[in-house]
Amino acid sequence: MMKQKPVQKYMKPILTLCVLFIFTCSLQAQISTYPAAIGFRFHYGFIYQHKKDMDQLVTGHIPAFEVYYRRNFTGKREWEKFYRFPNSGTAIQYIRFNNPMLGNGLAVMPYISFPILPKSKHSELHFRLASGVGYASKTFDLDKNRKNTVISSHFNAAFNFLLQYHWKPFSGAELLTAISFTHFSNGAYKIPNAGINVVGANVGLNINLGDKVSVNNNSFPILNRDWRYVVSLGGFAKETEPVNRKKFAAFSLSGNALKRISAKSSFGAGLDFMYDATIREKLEQKGDHIDLPARVGVTADYELHVGKVTFPIQQGFYVIDTYKDDPIFYQRIGMRYHMMHNWSLQICLKTHFAKADYAEFGVGYYIR
């Protein structure tokens, strides 16, 4: 019987040690992170023309500059592990709209950034969701700036969606590349309000702060997947044509049933009772009259869970509608912050596809 050669004899344990070393290195990249970071990025893009009469407003490419502060989550709460240890922070973005009728924009936006794939030692792929307050320096004016049909108020809601790649050539910093979408709108509080949509690409640098800290990778209890029922009331003011008129009340009373199917998601359905005083105004302009400008709709619901915050996304259609000029389908997207005693605060935007209908600031109550 032939004796095992020395190289063959030690090959198996050597390979085993190599595999364990690689696994340990990859695990080490997962279980420690820097507590915070600062960074900046440069955007370059264009205004997306979502209306036919925007040719006079789009006259060149759009540069923008952003600075931000972020903190990294380390798994202290169960949802942080479910989302592969995301990060959150605040971004300040300056946009030059490259048109004298639009001026410049400034936005302050808190954000949360989710890793799409498991983090590695040298790279990460994230999706960032940001929302906050935007300021537009030039607005619609019937006498001085009537061609600006996209923004009519200085202060607006600002939203930013970012798909970004992090490359980590060394431990102290990260190089960033991304594609982004930024939106300014006042939710039809003042018209005209087509909104400004900026699409672009960007590059940036992220500088890590502090010493690395360990990440809690422990298991958490299984979630309760029972049905939950929520009643909510939300509304605000809005305008209708012609411009420079008074504000009208608009609000929704909703009941929704939601089934938690995973750590991240709930699905369900809902019923909306909606009051919109602009409907009476629009019908009277046509020579018609209505006593109660109301609508009833049903919705298919999805809700994304991020700790005490959830993001409802709803697709609805009207089953009773006193105003037939709008599409039969409507949408709602928003954010809810869940407080103690089953109460929540919410801000949502009701739309007809890409056109804002009205904002909904309100409260909700959950029955478990």
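About the criteria used
Residues numbered from 1 in each chain as written. Predicted model: local features only at pLDDT ≥ 70, side-chain atom pairs only at ≥ 80, totals over all residues. Heavy atoms only, no water. Core = buried A, V, L, I, M, F, W, Y, C linked by side-chain atoms within 4.5 Å. Buried < 20%, exposed > 50% of the residue type's maximum accessible area, 1.4 Å probe, protein only. Helix = DSSP H or I, 4+ residues; strand = E, 2+ residues; numbered from the N terminus. Contact = heavy atoms within 4.5 Å. Pairing = 2+ DSSP bridges. Axes fitted to C-alpha atoms, helices over the stretch in contact; angles between N-to-C directions.

Asks: In this structure, what is going on with the nonpolar core? I would like to understand it.
Replies: Burial of nonpolar side chains together is a common tendency in soluble globular proteins. Counting residues in each nonpolar core, the largest one holds 24 residues, and the members touching the most others are Ile47, Phe97, Leu102, Val150 and Ile196. Listed by contribution, the elements that provide at least two residues to this core are strand E3 (62-72), strand E4 (87-96), strand E5 (104-115), strand E6 (123-136), strand E8 (173-185) and strand E9 (196-209). With sequence-adjacent residues up to four places away left out, leucine 102 is seen in contact with Ile47, Leu57, Phe97, Ser137, Lys138, Asn148, Val150 and Ile196. Listed in part, the 8 residues of the second largest apolar core include Trp79, Phe114, Val306 and Phe311.

Asks: When you look at helix H3 (residues 277-285) in this model, what are you seeing that I'm missing?
Replies: For an α-helix, 3.6 residues make a turn, and residues three or four places apart therefore share a direction. Restricting attention to buried positions, one finds in H3 the residues Ala277, Thr278, Ile279, Glu281, Lys282 and Leu283. Its buried side turned inward, H3 meets strand E11 (227-238), strand E12 (248-260), strand E13 (265-276) and strand E14 (294-306). Directly after H3, the chain includes glycine 287, whose backbone phi takes a positive value near 90°.

Asks: What's the story with the sheet that holds E3 in this structure? I'm lost.
Replies: Through backbone hydrogen bonds, the strands of a sheet pair up, either in parallel or in antiparallel fashion. Spatial ordering of the closed barrel is given by E2-E3-E4-E5-E6-E7-E8-E9, a layout of 8 strands whose pairing is antiparallel. Each neighbouring strand pair of the sheet contributes to a mean axis angle of 25°, computed without reference to strand direction. Relative to E5, E4 runs antiparallel, the two being bridged by 10 bridges. Counted as the bridge partner of glycine 89 is tyrosine 111 from E5.

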